Amino acid sequence: MTIDRNLAFLSAAEQGRMIRSRKLSPVDLVQSYLDRIGSYDDVLRAYITVCAESALAAARNAEREIAAGNWRGPLHGIPYGVKDQICTRGVRTTLGSKINADYVPDFDATVVAKLERAGAILIGKENLHEFGKGGTNVFPYGQPRNPWNPERTPSSSSSGSGIAPAAGFCSGSLGEDTGGSIRGPAAANGVVGLRPTYGRVSRYGAIMHAWHSDTIGPVTRTVEDNALLLSAIAGYDELDALTSKRAVPDFLSAFTPDLKGLRVATVTEMAWPEGVHAEVRSAFERALRVLKELGAEVGEVSLPWAKHAIPLQMLTSDADSASMYRDLLRTRWNDFDVGTRTRMATALLVPAPVYSRAMRARAVVRRQILNALTHWDALLCPTNLNPPALIADAREQVKSKADVTQRLILRRISTHPFGVANTPALALPMGFTRDGLPLSLQIAGRPFAEETVYRIGHAFERATPWHQRHPDLDHTLAGVRERGTAEA
Amino acid sequence: MELTTEQLRAMAGAIGLDIPEADRENVRLRLSTLLSEMEIIERELGREMERTEPVPPVYPHEEF
């Protein structure tokens, strides 16, 4: 392991402490990430746009400010990436689509402005499924690949936001989660991802359109880093009418070494459905034992309506989103990826009475989940029921209704219910398969109880070694390079 | 629910969308499946849905 590799995989919290004490230069840190991106991202395709010059300039400025005694906080000088669905002043924002290839916003999304005020440094815009919809078949800016095995999917839709911290291309990312788009990539890439409570983080300046489900959240290598990033981006924003005015708590102060006094429950239908992979099941059972050893009371709860969350999201969130692309679908059909255009066209054709009834059904499903959370502090299940699939197998082929049910609906059972309920949900590493693929635990809490899911996640992380494991890209990418399958 | 191609074409036409032949069956299968799922949801949750307003999923109350 080289010094640069050690530096790249340090937690953001530790990097921040070293920057504050001037043991680490932000310029060296940014350069270290740029070097790694230059060496490996031709295969992994985490980034659509790398902001090398502006990041180095910001790093030099941070170094000067800190030397002058103007330390802004724990993220000062910390490089981060952001899903290319979130607007950045002067930096193109493609949404992963060639339709938006030339769009350069003249403003920053609120989350980007807040991170800039905290002293964090934007290093690049991260790859995603087109328009933040899962199911892209051909990526205009390169096929994103899993750093643990580049033949495998990094999941969707915040693919690059999961790859980049896992591969040591930044200290942390921001992703966007409507149904599972932060948690899926965090799980597939072996890192920590949070879908915050709806209303905790401003959506202003992110191009999403599923107004009742979209959330922006951090993807990081540790739970502490995740809490640091959330602390910086959370809070009321007058530019987003649905952000909450509740005070943002000190998430880090909730950390405890044990979990005594907490009651957590596995969700039967989300944890043990038909088709859960044997190694996922084993890792999840081991994770439950760890939580018990930490002092949590672990039970089980049945949420039989949770399975309806996936079609209900597609009938409502997709319809709201697709309505904003109607004119483009009329005029530029062939410029959309086939997975995006067929999914959006489907949503455009949902009859209004069905949409309205589906919104009622969402409220019913949501109430069942919230009722469970009045009895339990947190709900648990694996984040993904299978290890990351081969890229070809993960594509959403639709040749029969069974394909739609299996590939588009059932595989999302573990993430979408918490999207419908709009509760905070944390994905974090819970082990690896025998083949070295990451497995992930999901912890969902009560609305605005991010500190509880962080507390459980942090104690679990301290008790397990999984977050200390990082992909050796010289090894994992060697096969792809030899076969020459990396895209130009 | 099993939509026909003709029904799908008419629905798309009503909003000015001309889905090319190559993608029509894909969209038909997706929409037919989702409408079938909604029929199942209506059978299972219909009575609850009658008593529930589609309140936006924000949290105006202290308890949630």
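Computed from a prediction, not measured in an experiment: that's the story for all the values here.

1. Quick word on the overall build of chain A
Here is step 1 of the chain: Check the secondary structure of chain A and you find 20 helices and 11 strands.
Here is step 2 of the chain: Buried positions account for 60% of the 488 residues belonging to chain A.

2. Brief notes about the overall build of chain B
Here is step 1 of the chain: Across its full length, chain B carries two helices and zero strands.
Here is step 2 of the chain: Relative to its length of 64 residues, chain B is extended, with a C-alpha radius of gyration of 17 Å against a globular reference of 11 Å.
Here is step 3 of the chain: Counting only C-alpha atoms and orienting by the principal axes, one finds that chain B spans roughly 50 × 25 × 20 Å.
Here is step 4 of the chain: With 64 residues in all, chain B has 27% of them scored as buried.

3. Focus on the interface of chain B and chain A
Here is step 1 of the chain: In this assembly, 33 residues from chain B lie in contact with 42 residues from chain A.
Here is step 2 of the chain: Taken together, the residues of the side of chain B that touches chain A sort by class into 22 nonpolar, five polar and six charged.

4. Remarks on the packing of helix 11 (residues 309–323) of chain A against helix 13 (residues 338–348) of chain A
Residues and elements named next belong to chain A.
Here is step 1 of the chain: It is at 8 Å that the axes of helix 11 and helix 13 come closest, and there the two elements cross at 105°. When the axes of helix 11 and helix 13 are compared, the pair comes out roughly perpendicular. Contacts between helix 11 and helix 13 pair Met 314, Asp 318, Ala 319, Ser 321, Ala 322 and Ser 323 from the former with Arg 343, Met 344, Ala 347 and Leu 348 from the latter.
Here is step 2 of the chain: When its residues are assigned to classes, the contact of helix 11 with helix 13 shows six nonpolar, two polar and two charged.

5. Describing the sheet that holds strand 7 (residues 263–267) of chain A
All names here are of chain A.
Here is step 1 of the chain: Read across the open sheet, the 11 strands follow the order 1-3-2-4-6-5-10-11-9-7-8; overall the sheet is mixed. Sheet topology places strand 1 (47–50) and strand 8 (297–301) at the edges, where each strand pairs with a single neighbour. Sheet twist, expressed as the mean angle between neighbouring strand axes with direction ignored, is 30°.
Here is step 2 of the chain: Where strand 9 (residues 378–382) lies against strand 11 (residues 438–445), five bridges are found, and the strand directions are antiparallel. Across the sheet, the residue bridging to Cys 381 is Gln 442, located in strand 11.
Here is step 3 of the chain: Along the sheet, helix 4 (residues 52–67) makes contact with strand 1, strand 2 (79–83) and strand 3 (121–126), crossing strand 3 at roughly 160°.
Here is step 4 of the chain: With respect to the sheet, helix 18 (residues 450–463) is in contact with strand 7, strand 9, strand 10 (425–432) and strand 11, its orientation differing from that of strand 11 by roughly 145°.

6. Some details on unusual backbone geometry
In terms of backbone geometry, most residues other than glycine have negative phi values and most peptide bonds are trans.
All names here are of chain A.
Here is step 1 of the chain: Here the residue pair Ser 156 and Ser 157 is connected by a cis peptide bond, since its omega of 0° sits within 30 degrees of zero.
Here is step 2 of the chain: Residue placement: Ser 157 occurs in the loop between strand 3 and helix 6 (159–167).
Here is step 3 of the chain: Phi at Asn 422 is positive, roughly 55°, even though this residue is not glycine.
Here is step 4 of the chain: Structurally, Asn 422 is set in the loop between helix 17 (416–421) and strand 10.
Here is step 5 of the chain: Looking at Asn 422, the number of C-beta atoms within 10 Å reads 26, which means it is buried.
Here is step 6 of the chain: Of note, Phe 448 is a non-glycine position whose phi angle comes to about 65°, a positive value.

7. Brief notes about helix 13 of chain A
Here is step 1 of the chain: Of all 11 residues that make up helix 13 of chain A, 11 are buried, and the element is covered over most of its length.
Here is step 2 of the chain: The set of residues buried in helix 13 of chain A consists of A:Val338, A:Gly339, A:Thr340, A:Arg341, A:Thr342, A:Arg343, A:Met344, A:Ala345, A:Thr346, A:Ala347 and A:Leu348.
Here is step 3 of the chain: Residues of helix 13 of chain A that are buried make contact with helix 11 and helix 12 (326–331) of chain A together with helix 2 (21–50) of chain B.

8. Describing the confidence of the model for chain B
A low pLDDT means the predicted coordinates there should not be read in detail.
Here is step 1 of the chain: Looking at chain B, the pLDDT average stands at 91 and 92% of residues meet or exceed 70.
Here is step 2 of the chain: For this predicted complex, the interface confidence score (ipTM) comes to 0.95, while the overall pTM stands at 0.96.

9. Structural notes on helix 10 (residues 278–293) of chain A
Side chains of residues three or four places apart in an α-helix project in the same direction, reflecting 3.6 residues per turn.
Residues and elements named next belong to chain A.
Here is step 1 of the chain: Between its first and last C-alpha, helix 10 extends 23 Å over 16 residues, near the 22 Å set by a 1.5 Å rise per residue.
Here is step 2 of the chain: Regarding helix 10, the residues found buried are Val 280, Ala 283, Phe 284, Ala 287 and Leu 291. Here the buried residues of helix 10 occupy an arc of 100° about the axis, which is enough to place them on one side. Exposed side of helix 10, more than 90 degrees from the buried face: Ala 278, Glu 285, Arg 289 and Glu 293 are the residues found there.
Here is step 3 of the chain: The first or second residue beyond helix 10 is Gly 295, which carries a positive phi of 110°.

10. Brief notes about the pairing of strand 6 (residues 215–220) of chain A
All names here are of chain A.
Here is step 1 of the chain: For strand 6, the buried fraction is high: six of the six residues fall into the buried class.
Here is step 2 of the chain: In the sheet, strand 5 (residues 192–195) pairs with strand 6 via two bridges, with the strands oriented antiparallel. Looking across to strand 6, one finds that Gly 193 is bridged to Val 219.

11. Some details on the environment of A:Ala392
Here is step 1 of the chain: With respect to the helices, strands and loops of the structure, A:Ala392 is situated in helix 15 (residues 391–394).
Here is step 2 of the chain: Separated by 227 residues in sequence, A:Ala392 and A:Pro165 place their C-alpha atoms 24 Å apart.

12. Let's talk about the environment of A:Pro165
All names here are of chain A.
Here is step 1 of the chain: Positionally, Pro 165 belongs in helix 6.
Here is step 2 of the chain: Under the C-beta neighbour-count criterion, Pro 165 is labelled buried, with 34 such atoms within 10 Å.
Here is step 3 of the chain: The residues touching Pro 165, leaving out its near neighbours within four places in the chain, are Cys 170, Gly 172, Ser 173, Val 191, Val 219, Thr 220 and Arg 221.

What counts, and where the lines are drawn
Position numbers for residues count from 1 along each chain, tracking the sequence in the order it is written. Just so you know, chain letters begin at A and ligand numbers begin at 1, following the order they were written in. Where local features are concerned, this predicted model is filtered to residues with pLDDT of at least 70; where side-chain atom pairs are given and counted, the filter is 80 or more; whole-chain, interface and lining totals use all residues. Numbering of helices and strands runs from the N terminus, with a helix taken as a DSSP run of H or I at least four residues long and a strand as a DSSP run of E at least two residues long. Any residue whose C-beta has 12 or fewer other C-beta atoms within 10 Å is treated as exposed, any with 20 or more as buried, and any in between as partly exposed, C-beta atoms being built from the backbone. The quantity called the radius of gyration is restricted to C-alpha atoms. Its globule counterpart is 2.2 Å times the number of residues to the power 0.38. Each residue gets a C-beta atom placed from its backbone, and two residues are in contact if those atoms lie within 7 Å. Residue classes follow a fixed rule: Ala, Val, Leu, Ile, Met, Phe, Trp, Tyr, Cys and Pro count as nonpolar, while Asp, Glu, Lys and Arg count as charged, and any other residue, Gly among them, counts as polar. The convention used is that axes are lines fitted to C-alpha atoms, helices contributing only their stretch in contact, and that angles between N-to-C directions extend from 0 to 180 degrees. An angle counts as roughly parallel when it lies under 35 degrees, as roughly antiparallel when it exceeds 145, as roughly perpendicular when it falls between 65 and 115, and as oblique in every other case. By the convention used here, strands pair only if DSSP detects at least 2 bridges between them. Each residue gets a pLDDT score, which is the predictor's confidence in that residue and runs from 0 to 100. Each helix should span, by expectation, one fewer than its residue count multiplied by 1.5 Å. The directions from the helix axis to the C-beta atoms are what the arc is built from.

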